[in-house]
Amino acid sequence: MKNARPRHRVNWPEITSLITAATAIGALVFTALSLQDSREQLGLAAQGQFTDRYSRAVEQLGQQGPEGLQIRLGGIYALERLARDSPRDQPTIIEVLTSFIRTNTPAQPREIRRCPPGPAAPAPDIQAAITVLGRRDARHDGGARLFLRSTCLSGADLRGAELSGADLSGADLTNVSLVGAKLADAGLARADLKDAYLADANLTNASLTYANLTSAGLARADLTNASLLGANLADAYLMDAQLSGADLNSADLTNANLNSANLTNTNLTNTNLTHADLSGAFLTGSTHDRRARPRSVTTDADTRGEWW
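For every chain, the first residue of the written sequence is number 1, and numbering continues from 1 along that sequence. It should be noted that, the model being predicted, local features are given only for residues of pLDDT at least 70 and side-chain atom pairs only at 80 or more, the latter also being counted only at that level, while totals for whole chains, interfaces and linings use all residues. By convention in this description, side-chain values take in all heavy atoms of the structure and omit both hydrogens and water.

The backbone of aspartate 235 sits at a positive phi, close to 65°, despite the residue not being glycine. Going along the chain from the N terminus, every DSSP run of H or I of four or more residues is numbered as a helix, and every run of E of two or more is numbered as a strand. In this structure, aspartate 235 sits in the segment after α4 (124–134). A simple rule labels every residue: compare its accessible area, found with a 1.4 Å probe on the protein chains alone, to the largest value its type can have, and call it buried under 20%, exposed over 50%, or partly exposed in between. A relative accessible area of 41% places aspartate 235 in the partly exposed class. In this structure, serine 260 takes a positive phi of about 60° despite not being glycine. Mapping serine 260 onto the fold places it in the segment after α4. For serine 260, a relative accessible area of 24% translates into the label partly exposed.

Structure below.
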């Protein structure tokens with residue numbers, strides 16, 4: 001009788017360990033898939049909540065008449081909160097609020113640049129929408145632009161507002177307060193900024209072609225490389241303003257105060273500087289011609305830079 005082959009012992013502890021490990025891995029995979037599914041469901045639920053909040057806020061904005069003012073205000077601030085909670089929705093919210101402002105401020109012909117006589121300041125809901133837009137986090141704009149062309153914003157409070165790149169061309173901003181506002185690269189062509197208070201405003205590269213800045217307060221404003229072609233700056237207060245590289249071709253600076261202003265490399269061709277105060281102004285490299293010669297300009301021993 002042949003010898004029987006020895007039986008291999010079954011290593012039950014090892015098999016048990018493998019089964020336990022496989023079960024644990026399976027449980028981990030299931031848990032991961034469940035968590036992913038839960039996150040997706042939570043994300044969809046959150047987005048659904050954002051959509052509901054957005055719809056309610058827009059509905060509130062549509063309330064008409066004086067009796068709907070508080071409801072409209074609630075909608076404006078609800079949109080602001082939504083923009084903070086859901087930054088990806090901010091571009092749409094910008095479009096909604098700018099559309100609300102444009103719809104509720106009378107448009108004006110481009111060549112007039114001045115709104116019909118009306119209240120000294122915007123309605124409370126218009127001011128609220130402007131304020132909300134001005135204090136948004138511009139990092140989430142997603143390419144959206146504040147399109148407020150030809151709007152009537154006379155007397156608006158825009159102190160410290162983030163308005164970089166805004167299109168305010170043809171807008172009536174008479175008596176507006178823009179202290180510390182950011183208007184870099186903004187379009188303000190033909191805008192009416194008479195008596196506007198723009199002290200410390202950042203207007204770098206701004207387009208202010210043919211803008212009305214009569215008696216505007218621009219102390220310490222940064223107008224570096226700004227386009228002020230044909231702008232009316234008569235009686236404007238530009239003390240310590242930064243106008244380096246600005247284009248003031250054919251601008252009217254009659255009686256303007258340019259004390260200690262930086263006019264380095266500024267284009268003053270055909271500029272009217274009658275009775276302008278250029279005491280202590282920096283004029284090195286300014287471009288000018290005979291028509292730009294200041295008549296009765298106030299200067300003193302501190303006037304620096306080349307003069308003609």
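Once you've had a look at it, read on.
Attention now goes to the side chain of asparagine 212. Relative to the helices and strands, asparagine 212 resides in the segment after α4. In terms of polar contacts, asparagine 212 uses its side chain to reach the side chain of aspartate 192, at 3.4 Å. Polar contact criterion, stated in full: a pair of N or O atoms within 3.5 Å, where within protein one must be able to donate a hydrogen and the other to accept it, and residues adjacent in sequence count only if both atoms are side-chain atoms.

Let us look at α4. Across the eleven residues of α4, nine count as buried, placing the element largely inside the fold. Note on contacts: a residue pair is in contact if any heavy atoms of the two residues lie within 4.5 Å. On its buried side, α4 packs onto α2 (69–85) and α3 (90–104).

Computed over the protein atoms alone on a 1 Å grid, cavities are sets of points where a 1.4 Å probe fits but cannot get out and pockets are open sets with protein on both sides within 12 Å along at least five of seven lines; a residue lines them when it has an atom within 4 Å of a point. Grid points are joined across faces, edges and corners, and a volume is the space filled by probe spheres set on the points. Applying the stated criterion to the full structure yields one cavity of 30 Å³ or more. Taken as a whole, the largest cavity encloses approximately 50 Å³ of empty space. In terms of lining residues, the largest cavity is bounded by Leu193, Leu198, Leu203, Leu208, Leu213, Leu218, Leu223, Leu228, Leu233 and Leu238. When grouped by side-chain class, the residues that make up the lining of the largest cavity number ten nonpolar, no polar and no charged. Under the convention adopted here, Pro, Cys and the residues Ala, Val, Leu, Ile, Met, Phe, Trp and Tyr are nonpolar, Asp, Glu, Lys and Arg are charged, and Gly plus all remaining residues are polar.

A few words on the pattern of salt bridges. Basic side-chain nitrogens of Lys or Arg form a salt bridge, by our definition, when they fall within 4 Å of a carboxyl oxygen of Asp or Glu. All told, the structure shown has ten salt bridges when counted by the stated rule. The closest approach of N and O atoms between aspartate 137 and arginine 139, which form a salt bridge, is 2.7 Å. Given the relative accessible area of 29%, aspartate 137 is considered partly exposed. A residue is classified by how much of its surface remains accessible, and arginine 139, at 72% relative accessible area, is exposed.

Right, let's talk about the packing of α3 against α4 for a bit. Axes are the key here: two packed helices are described by the angle between their axes and the distance separating the axes. Simply put, an axis is a line fit to the C-alpha atoms, just over the touching stretch for a helix, and the angle between two N-to-C directions goes from 0 to 180 degrees. Packing of α3 against α4 leaves a shortest axis separation of 10 Å and a crossing angle of 150°. When you trace α3 past α4, the crossing you get is left-handed. Of α4, the residues touching α3 (which contributes Ile94, Leu97, Thr98, Phe100, Ile101 and Asn104) are Asp125, Ile126, Ala129, Ile130, Val132 and Leu133. Among the residues forming the contact of α3 with α4, the class breakdown is nine nonpolar, two polar and one charged. With the far helix as reference, a near helix turned anticlockwise by less than a right angle produces a left-handed crossing, and one turned clockwise produces a right-handed crossing.

What pLDDT expresses is the predictor's confidence in each residue, scored from 0 to 100. When the pLDDT values of the protein are averaged, the result is 83; 75% of them are 70 or greater. Averaged pLDDT values for the elements of the protein fall to 70 in helix α1 (residues 12–61) and rise to 96 in α4.

The calculated volume of the largest pocket comes to roughly 390 Å³. Lining the largest pocket are 20 residues; nearest its centre among them are Pro116, Gly118, Pro119, Cys152 and Ser154. Considered class by class, the residues forming the lining of the largest pocket number twelve nonpolar, six polar and two charged. Approximately 250 Å³ is the volume attributed to the second largest pocket. What lines the second largest pocket is a set of 15 residues, among which Leu61, Gln64, Arg72, Phe100 and Asn104 lie closest to the centre. Residue assignment for the lining of the second largest pocket shows that the elements contributing at least two residues are α1, α3 and α4. With five residues, α3 is the largest single contributor of residues to the lining of the second largest pocket. Across the lining of the second largest pocket, the residue classes break down as six nonpolar, seven polar and two charged.

The next point concerns the side chain of threonine 214. On the secondary structure map, threonine 214 appears in the segment after α4. Within the structure, threonine 214 has its side chain in polar contact with the side chain of asparagine 212 (distance 2.6 Å). Among residues more than four places away in sequence, those in contact with threonine 214 are Leu193, Lys194, Asp195, Asn232 and Ala234.

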